[in-house]
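Reading the structure
Here is what each chain is made of, one letter per residue.
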Amino acid sequence: MPPENAPESAPPERHPLVPLLNQLCEELQLFRELIEDLRVDIRYVLDNDLGQPEPVRKSSVPARPALTLFDPGDAVEFRHEGRDVFGEIVSVDDANNRAMVQLIPSMEQVTVCQDDLRHAERVGLKRRAAAKCENTSVGSADEVLAESPQGSLF
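Just so we're clear, the structure is a prediction, and the values are computed from it rather than from any experiment.

**Some thoughts on the confidence of the model for the protein chain**
- Averaged over every residue, the pLDDT of the protein chain is 75; residues scoring 70 or more account for 59%.
- Across residues 149-154, confidence stays below pLDDT 50; counting only partners more than four residues off in sequence or on other chains, it has 16 contacts.

Structure, rendered in structure tokens:
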């Protein structure tokens, strides 16, 4: 006879949680079988050297060109009114893909589509300034650079 304070319990086969526990056990067994199948498949791939990635196939979709980002102060080259010019970016409007560029040596400011701009090397700009100086009465390119407010062409 059970003690007086002991709660009454139904026999295990009649307890309401028994069907739920049985279902949970079945599902866990299925998971174990799936995991074992995965282990077997992975072992097969590793043992048979099948883990090498397939070569990348070229897409028929043309690749986009790399996006070039510009900042104020960047030296740039571009085609303007039928000739190659260079200058310094004064401001950038990325939302509209535009840049305000101050042309060198005219100091004229023009708005240009950023897609038309290329970064220019300052060394190349110094050579161009030297060539311009040889054709004018201005001194050397170093003197031109020294007279500019920032010590450069820009």
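**Notes on unusual backbone geometry**
- In this chain, Ile-104 is followed by Pro-105 through a cis amide linkage whose omega measures 10 degrees.
- With a phi close to 55 degrees, Glu-81 is a non-glycine residue in the positive phi region.
- Here Glu-81 shows up in the loop between strand 1 (75-80) and strand 2 (83-93).
- Overall, the relative accessible area of 68% leaves Glu-81 in the exposed class.
- Of note in the backbone geometry, Met-107 takes a positive phi value of approximately 65 degrees without being a glycine.
- Secondary-structure assignment places Met-107 in the loop between strand 3 (98-104) and strand 4 (109-113).

Procedures and definitions
Residues numbered from 1 in each chain as written. Predicted model: local features only at pLDDT ≥ 70, side-chain atom pairs only at ≥ 80, totals over all residues. Heavy atoms only, no water. pLDDT = per-residue confidence, 0-100. Contact = heavy atoms within 4.5 Å. Helix = DSSP H or I, 4+ residues; strand = E, 2+ residues; numbered from the N terminus. Buried < 20%, exposed > 50% of the residue type's maximum accessible area, 1.4 Å probe, protein only.

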